[in-house]
Amino acid sequence: MQMGFYFDQSRCTGCCACQVACKDWHDVPAGDEKWMRVLYSEKGRFPNVFVAYLASACWHCAAPICADACPADAISKRENDGIVLVDPEKCLGKDDCGAKCLKACPYDAPQFGPEENARMHKCNFCEDRLAENKVPNCVEACPVRALDAGPMEELETKYGTGRTAEAFTWSKRTRPSVILKAKSAE
Amino acid sequence: MNHQKTVNHPDGRIVRTTSAYDCGGRCPLRLHVKGNQILRVEGDDAPEPNQLRTCLRCRAYKQYVHHPDRFLYPQKRVGKRGEGKFERISWDEAYDTFIRQLDRIKATYGNSAILLATGGGYLASLHQGGLAASRLLNQYGGYVTHYGNISSEGAVWASLTQYGSVMVGHSREDMMNSKLIILWGWDPARMISGTNTMYHLIRAKENGAKIIAIDPRYHDTAATLAHQWIPVYPGTDTAVMAAMAHVMITENLHDQQFLNTYTVGFDAFADYVLGRQDGVEKTPAWAAQISGVDADTIQTLAREYATTKPAALMDCQGPARSAMGEQYNRCASTLCAMTGNVGRPGGSAGGGLMGIPVGHMFRQSAIPPGKNPFEADGPNVKGTLDIRMRVKKRIHINTLWDAILEGTKGGYPSEIKMMWSMCNNYVNQIGNSNKADKALKELEFIAVSELFPTATARYADIIFPVTSAAERNDFTRPWPSGPYFTVINQAIEPLGECKSDLQIASELAERLGIEGFNPHSEEEWLKILFDNNPEYTTHIDDYEAFRQKGIHRIDLPEPIVAFRDQIKDPQNNPFPTPSGKIEIFSRRAADLDNPACPAIPKYLPTAEDRFDPLAEKYPLQLLTPHPRNRVHSELYLVPWLREVEEHRVWINSKDANARGISDGDPVQVFNGRGTVALPAFVTERIIPGVVAIFEGSWYDPDENGVDRGACANTLTRDAYSGGGACVMNTSLVEIKKVQGSA
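Rules behind the numbers
- Residues numbered from 1 in each chain as written.
- Chains lettered and ligands numbered in written order.
- Predicted model: local features only at pLDDT ≥ 70, side-chain atom pairs only at ≥ 80, totals over all residues.
- Heavy atoms only, no water.
- UniProt positions renumbered as here; feature names shortened; annotations may be inferred.
- Helix = DSSP H or I, 4+ residues; strand = E, 2+ residues; numbered from the N terminus.
- Rg over C-alpha atoms; globule rule 2.2 N^0.38 Å.
- Contact = heavy atoms within 4.5 Å.
- Domains from an automatic or database assignment.
- Buried area = accessible area lost by both parts, 1.4 Å probe.
- Salt bridge = Lys/Arg side-chain N within 4 Å of Asp/Glu carboxyl O.
- Polar contact = N/O pair within 3.5 Å; in protein donor to acceptor, adjacent residues only side chain to side chain.
- Pairing = 2+ DSSP bridges.
- Axes fitted to C-alpha atoms, helices over the stretch in contact; angles between N-to-C directions.
- Disulfide = S-S within 2.5 Å.
- Buried < 20%, exposed > 50% of the residue type's maximum accessible area, 1.4 Å probe, protein only.
- Phe/Tyr/Trp six-rings, centres within 6.5 Å; stacked < 30°, edge-to-face > 60°.
- Lys NZ or Arg CZ within 6 Å of the ring centre and 35° of its normal.
- Parallel < 35°, antiparallel > 145°, perpendicular 65-115°, else oblique.
- Left-handed = near helix turned anticlockwise from the far one by under 90°.
- Nonpolar A, V, L, I, M, F, W, Y, C, P; charged D, E, K, R; others polar.

Per an unreviewed UniProt entry, chain B is named Anaerobic dimethyl sulfoxide reductase subunit A, and its organism is Desulfosalsimonas propionicica. Listed under Sequence similarities (unreviewed entry) in UniProt, the entry text for chain B is "Belongs to the prokaryotic molybdopterin-containing oxidoreductase family."

Under the annotation held in an unreviewed UniProt entry, chain A carries the name Anaerobic dimethyl sulfoxide reductase subunit B (Iron-sulfur subunit) and is attributed to Desulfosalsimonas propionicica.

Draft legend 1. Geometry of the overall build of chain A. On a plain count of helices and strands, chain A comes out with seven helices and nine strands. Taking 2.2 N^0.38 as the reference for a compact globule, 186 residues should give roughly 16 Å; the C-alpha atoms of chain A span a radius of gyration of 16 Å, in line with that estimate. Taking the principal axes of its C-alpha atoms as reference, chain A extends roughly 50 × 35 × 30 Å. Of all intrachain contacts in chain A linking residues separated by at least 6 positions in sequence, the fraction that spans at least 24 positions is 62%.

Draft legend 2. How the structure looks around the domain arrangement of chain B. Residue and element names in this part refer to chain B. Its domain assignment divides chain B into domain 1 (75-150 + 365-467 + 495-519), domain 2 (170-352 + 566-591) and domain 3 (613-737). The C-alpha centroid of domain 3 is placed 28 Å from the C-alpha centroid of domain 1. Facing 28 residues of domain 1, the contacting portion of domain 3 comprises 26 residues. A combined buried area of about 2000 Å² lies between domain 1 and domain 3, and 50% of that area is made up of carbon and sulfur atoms. Broken down residue by residue, the surface that domain 1 buries against domain 3 is led by Asn398, Asn428 and Asn434, which jointly contribute 25%. Summed over the shared surface of domain 1 and domain 3, the result is two salt bridges. Asp700 is paired through a salt bridge with Arg458; the nearest N and O atoms lie 3.9 Å apart.

Draft legend 3. Structural detail: the interface of chain A and chain B. Between chain A and chain B, the residue contacts involve 43 residues of the former and 47 residues of the latter. Between chain A and chain B lies a buried interface of about 3600 Å² when both sides are counted; carbon and sulfur atoms form 49% of it. Contact with chain B buries area across many residues of chain A, yet Asp24, Phe46 and Arg145 of chain A alone supply 21% of it, more than any other trio. Taken together, chain A and chain B are joined by 10 salt bridges. For Lys34 of chain A, the salt bridge is made with Glu643 of chain B, and the minimal N-O distance between the two is 3.7 Å. Across the contact surface, chain A and chain B share 24 residue pairs in polar contact (both at pLDDT 80 or more). Counting residues per element, the ones that place at least two in the side of chain A that touches chain B are helix H1 (17-26), strand E2 (37-45), strand E3 (48-56), helix H5 (127-131) and helix H6 (137-141) of chain A.

Draft legend 4. Quick peek at the sheet that holds strand E20 (residues 551-553) of chain B. Residues and elements named next belong to chain B. The three strands lie next to each other as E18-E19-E20, forming an open sheet whose pairing is antiparallel. Both edges of this open sheet fall to strand E18 (474-476) and E20, since each of them pairs with a single strand only. Across this sheet, the average inter-strand angle for adjacent strands is 15°, counted without regard to direction. Looking at chain direction, E18 and strand E19 (residues 484-488) are connected through three bridges and run antiparallel. Bridge pairing in E19 links Thr476 to Thr486.

Draft legend 5. Up close: the state of the cysteines. Tallied over the entire structure, the rule returns zero disulfides over all chains. Cysteine Cys16 of chain A is unpaired, with the sulfur of Cys18 of chain A as its nearest cysteine sulfur at 6.2 Å. For Cys597 of chain B, which is in no disulfide, the shortest distance to another cysteine sulfur is to Cys726 of chain B and amounts to 14 Å. Cys597 of chain B gets classed as buried once you look at its relative accessible area, which sits at 2%.

Draft legend 6. Structural detail: the packing of aromatic side chains. According to the stated counting rule, one finds 39 aromatic pairs over all chains in the structure shown. With a centroid separation of 6.1 Å and 85° between ring planes, the pair formed by Tyr21 of chain B and Tyr61 of chain B is classed as edge-to-face. In this pair, Tyr21 of chain B sits in the loop between strand E2 (12-17) and strand E3 (29-34) while Tyr61 of chain B sits in helix H2 (residues 61-65), placing the two residues 40 residues apart along the sequence. On the basis of relative accessibility, which here comes to 3%, the residue Tyr21 of chain B falls in the buried class. Put simply, the rings of Trp91, Tyr95, Phe98, Trp420, Phe445 and Phe464 of chain B touch in pairs and so form one group of aromatic residues. Its end group placed over the ring of Trp170 of chain A, Arg163 of chain A keeps NZ or CZ at 3.7 Å from the ring centre. We note Arg472 of chain B situated over the ring of Tyr122 of chain B; from NZ or CZ to the ring centre the distance is 4.6 Å.

Draft legend 7. Spatial organisation of the packing of helix H9 (residues 237-250) of chain B against helix H14 (residues 325-338) of chain B. All names here are of chain B. For the pair H9 and H14, interaxial distance at closest approach is 9 Å and the crossing angle is 20°. By the criterion of interaxial angle, the relationship of H9 to H14 is roughly parallel. The element H9 and its partner H14 pack so that their crossing is left-handed. Of the residues in H14, those in contact with Asp237, Thr238, Met241, Ala242, Met244, Ala245, Met248 and Ile249 of H9 are Gln327, Tyr328, Cys331, Ala332, Leu335 and Met338. Residues belonging to the contact of H9 with H14 are distributed by class as follows: 11 nonpolar, two polar and one charged.

In structure tokens:
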């Protein structure tokens, strides 16, 4: 079984409630370390403008290239639900290792705090909430219900198999566990 | 007694509560609390799709309540006034100083020298700080205060004139019935406009509604939803609306039967539109010259709006926060009537989305302030449309600083010598912050009740530290939409030595020898406020269950539609206007004999519009929209919200290129009133000729007078429109690139 996310880009207003709720749940201070990020794209010329936001967490890839890249074996994929987890105790630290996981990841999911030789942290699918049968906090936080999470088969039944969105490229190599509804220009 | 109801939780306990921000939403929260610390926030857990989902602001509630910069103890000023340097003192010393100054100023100058500045910083029933202080100063012999709401005065005046009521809104679910929704100056993605409003708009679109956004900016709501964006210059909306009316009238697309049945004065408006009054026909070509919207677009829009039924024209309050603001809301309401959309499901009444008539914040019960002896010999202003009457004994909110500087010789009600300020950050949030700096340095004494070292608090001589909503019990109501009632259940004990405004006022009353000021405990007060509000007693059987759940939802058989009864059965349900009808022509407005308040809605030129000769020097119009990462200036210091969006000035690439400005460059925005420094956001999302600075960033002038906090109001005018609207969105500015950091 593989857990994954659904993201409806056509609904996202870029409000960042997901990002704040993630920081609140996991107690991550303000700063560059963002387990959930909201990316902004703007295209076109006035008055024909196209704007899209992309919520971007860790997509808990089927083939997590970050795990392969880690020299310390700190990243692993959980067997029963496919969640990709990092053991910060094993992580060598950003400065000592050169952030090989971040360089390998197509989605910038590995995150590092501002401290010296910061250990990697990232989205853990709110594993503590998952244990209580709750969806990740970002999903519950979305005011416009643009996010969902669950077993990939269930999400596919509900939402199809969309793999494109503005500012997102589906990686054949890593096979991210996310289904997308793209936003297109009107 | 702490009334919170909690459940067991491994991390401590869960408190069902809500916040009290002056926010467009009012959302149930479940706070995870351990000891005296909020650990986490969860939102509503009602079954979907009815969850009232909180936005990012309350998601960061923990960092607000527990922010390290909060005032936890009384303070006295140690530096120069405005420098913001304070030293901890005891409550005894704070109270003694305050009372010594209060008594001295009363004895020397009289009660009218005492300015009480209150506001909407927290909106609840019992702890609405301004009311406890009003009650105290009323019993102390009186004071002078302000009139008018910074946000909504234009919409209030327009709705009272047109409908005799401000309850002009539909519950948001009704948008599912609309075939066309026009967002005219409305960006609920940022200003929320009622919990879940954006969600309901999205569902309406997914249900097939066409969405058109008319706005100088391609804001986040437009970017998410709009099939069409019509960029318009600020302050010219009414011209476009008049031209739409012209198209409808000349093509006979208006609903004459509706107008005959439900309105008065349409002929006078038609005369204006057709140029029978002033010789100027309000054609699309005429409006195009003014608004920047081309004539074909106006014509198509008018036809589409007139022929798509039902259609919801959603005007808001931002464009009304301008020098002729109320005309925009009145003209919108007039178009709603011309198309027969008033009182109809899927339609709208216009009037600035003031509110729905069930569970609205305006109908919240509150601690009774009593009467102000200073206003006893003033005119009766209840329900008046004449702003000149309202400023006989009070000061229009947007001229507060001028009133301090000019006093009675400037036509203001009194000579002000001291200010007690609470529940507001007016240095920041009303026009002309540099004038605030000057005015507040003139006063003999300033006390500020506050949680944070705001731009206003920096001018205090004495700070009273106030609790947050997490530290007290209360009732709250949704702001414009609902329908539901919420409870603030106390989550933690007051931090440091913070006290509620009611407690501060009560303790001051005791020291002032005012007997019987506060006869009730908090719990007694709450029960009284509950029992005395017919809405509570009609809808809620079980007070205790209401407190425990933290919310009472009202099940509606169908969405609320403003004026549904008036439209269904006009004989038995007149509109609450003198004529009993929708007043497109208002006799009451005509009787004002004030050219700035015409009897029918009109487009009017004003100072600092885009045709003012001043535009040669300051060629850009400034907009000051709601921020998404704070509530006005509240939450400004919260780090999780700060990082969501850098404070930058929006500028079109065309205007930026002409000035050598690239995205992210440090710039200064300036006019005759001041200069602010911030980075540029170069974007295609704003009409050329207009720049936007989100309001609420804290004013912070450096030694050269450059506002490093880039408060939008450093640049705005301290004036008001004929109907009392603050004019923040009618300001001309110029922008230049600067070296180094902004």
